[in-house]
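Coordinate inspection notes
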Amino acid sequence: MQTGDVLIVGEDICEQVVGRSDAFDAVEAVFGAMARGDAYNFPVIREAIGHADALYGFKSGFDRAGQVLGLKSGGYWPGNMEKGLTNHQSTVCLFDPDTGRLSALVGGNYLTAVRTAASSSVSIAHLARRDAKVLGMVGAGHQSAFQLRAAAEQRAFDKVVAWNPHPEMLPRLAAVAEELELAFEAVSPEELGTQADVIITITSAFEPLVMADWIKPGTHVACMGTDTKGKQEVDPALLAQASVFTDEVAQSVSIGEAQHAVARGLISQDDITPIGAVINGDHAGRTNPDQITLFDGTGVGLQDLAVASVAARLAQEQGLGGHAAL
């Protein structure tokens, strides 16, 4: 690529070059860099645009350790599925940190899904009990299959239990479980809590779907759907019972699952630990088998930049993608 050219990496190429292990490594590394103070997220802009019921915004940041600078522009269009499109639409812009020049435009839809799954997967790797056998899935939308595949690589699960507000969507998850040779059972939310050793919530809910007294000792819960003020997936009392970890504390208490527990005075931001501290070995993480751990995955811009940087590098190495001169 010549100086001044912009690399263009489309959705198809992102899917071709970035696998789950690539996403896991990139997300784990950037969480560690954040906890060390080597990477910074900038303030998030997220607004209802007053058209098509869409939410639109920007996430950006700088990873000094990885030398990655950029932003993700995009949002959520709830009517897209009826048009044959993914509801989440986004594009990542990467810039040369030495000059500020635009260096790459990278499709963000697949990468958003794979980095979100990698985030919960990192939390499972570092916080779930080693003997976890039953995976609980709350939600069966587009993201759920990514979550299930990524989680299955972190523990020797033998069964998946799942619930979704729209049960007709569960066969998609059942098919993925079958492909992974895992038993599958559709259950009530309460039964899910009774059985599951690890629970992933991945919905767009604005009310608690999982109650605190349904969760058994030793469970790891990854709350991955709450990324906007007002959204909620679990009972705030669950956070008071659990050891709470997150990608970024500032987002956790403002737009993440912890916003509700903090607002009610059940926990404070001092009760929440960046998962990067566990990754770096500065925090023990899980300390006993009966401990309930909870990861509040709010979704930070640095995750997007990390996986987009990997996509750009791999596309460049493999001679893929287009180029445009500015």
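This text follows the structure it describes.
Before going into details, it helps to say that this report is about the structure given with it. (Residues numbered from 1 in each chain as written. Predicted model: local features only at pLDDT ≥ 70, side-chain atom pairs only at ≥ 80, totals over all residues. Heavy atoms only, no water.)

**Description of the pairing of strand 13 (residues 220-223)**
Regular strands have side chains that alternate between both faces of the sheet. Spelled out, the test is: Each residue is assigned to one of three classes by its accessible area relative to the maximum for its type, calculated with a 1.4 Å probe on protein chains only: buried under 20%, partly exposed between the two thresholds, exposed over 50%. Helix and strand assignments come from DSSP, with helices taken as H or I runs of at least 4 residues and strands as E runs of at least 2, each series counted from the N terminus. Strands qualify as paired when DSSP identifies two bridges or more between them.
Of the two faces of strand 13, the one lined by His220 and Ala222 and the one lined by Val221 and Cys223 are each fully buried. Across 4 bridges, the pairing between strand 11 (residues 198-201) and strand 13 is parallel. For Thr201, the partnering residue across the bridge sits in strand 13 and is Cys223.

**Quick look at helix 2 (residues 20-36)**
To keep it simple, the criterion reads: By this rule the span expected of a helix is its residue count minus one, scaled by 1.5 Å.
Between its first and last C-alpha, helix 2 extends 24 Å over 17 residues, near the 24 Å set by a 1.5 Å rise per residue. Every buried residue belonging to helix 2 is among Ala23, Phe24, Ala26, Val27, Val30, Phe31, Gly32, Ala33 and Met34, and all of these are buried. Positive backbone phi, at 85 degrees, marks Gly37, one or two positions downstream of helix 2.

**A word on the sheet that holds strand 9 (residues 159-163)**
Applicable threshold: An axis is simply a line fitted to the C-alpha atoms; with a helix, the fit covers only the stretch in contact. Between two such axes, the angle follows the N-to-C directions and lies from 0 to 180 degrees. By definition in these notes, contact holds between two residues if any of their heavy atoms fall within 4.5 Å.
Within the open sheet, the 8 strands sit side by side as 10-9-8-11-13-17-15-16. Their pairing is parallel. Each end of this open sheet is capped by a strand with a single partner; those strands are strand 10 (183-186) and strand 16 (272-274). Geometrically, the sheet is characterised by an average inter-axis angle of 20 degrees between neighbouring strands, direction not taken into account. Where strand 15 (residues 243-246) lies against strand 17 (residues 293-296), 4 bridges are found, and the strand directions are parallel. Bridge pairing in strand 17 places Phe245 opposite Phe295. Strands strand 8 (134-138), strand 9 and strand 11 of the sheet are contacted by helix 4 (residues 142-152), whose axis makes an angle of about 165 degrees with strand 8.

**Concerning the pattern of salt bridges**
Quick reminder of the rule: Here a salt bridge means any side-chain nitrogen of Lys or Arg lying within 4 Å of a carboxyl oxygen belonging to Asp or Glu.
Scanning all chains against the criterion turns up 12 salt bridges. The partner of Arg20 in a salt bridge is Glu153, with the nearest N and O atoms 2.8 Å apart. Residue Arg20 is found in helix 2, and its partner Glu153 is found in the loop between helix 4 and strand 9; the two are separated by 133 residues along the sequence. We note a salt bridge from Glu179 to Arg149, for which the minimum N-O separation is 2.7 Å. Highlighted residues: Glu179 in helix 5 (residues 170-179) and Arg149 in helix 4, separated in sequence by 30 residues. Among the charged side chains, a salt-bridge network with shared partners connects Arg129, Asp131, Asp197 and Lys216.

**Structural notes on helix 11 (residues 301-317)**
Think of an α-helix as 3.6 residues a turn; residues three or four steps apart then line up on the same face. For helix 11, with 17 residues, the first-to-last C-alpha span of 24 Å sits near the 24 Å given by 1.5 Å per residue. Buried residues dominate helix 11, accounting for 13 of its 17 residues. Looking one or two residues past helix 11, Gly319 carries a phi angle of roughly 65 degrees, positive in sign.

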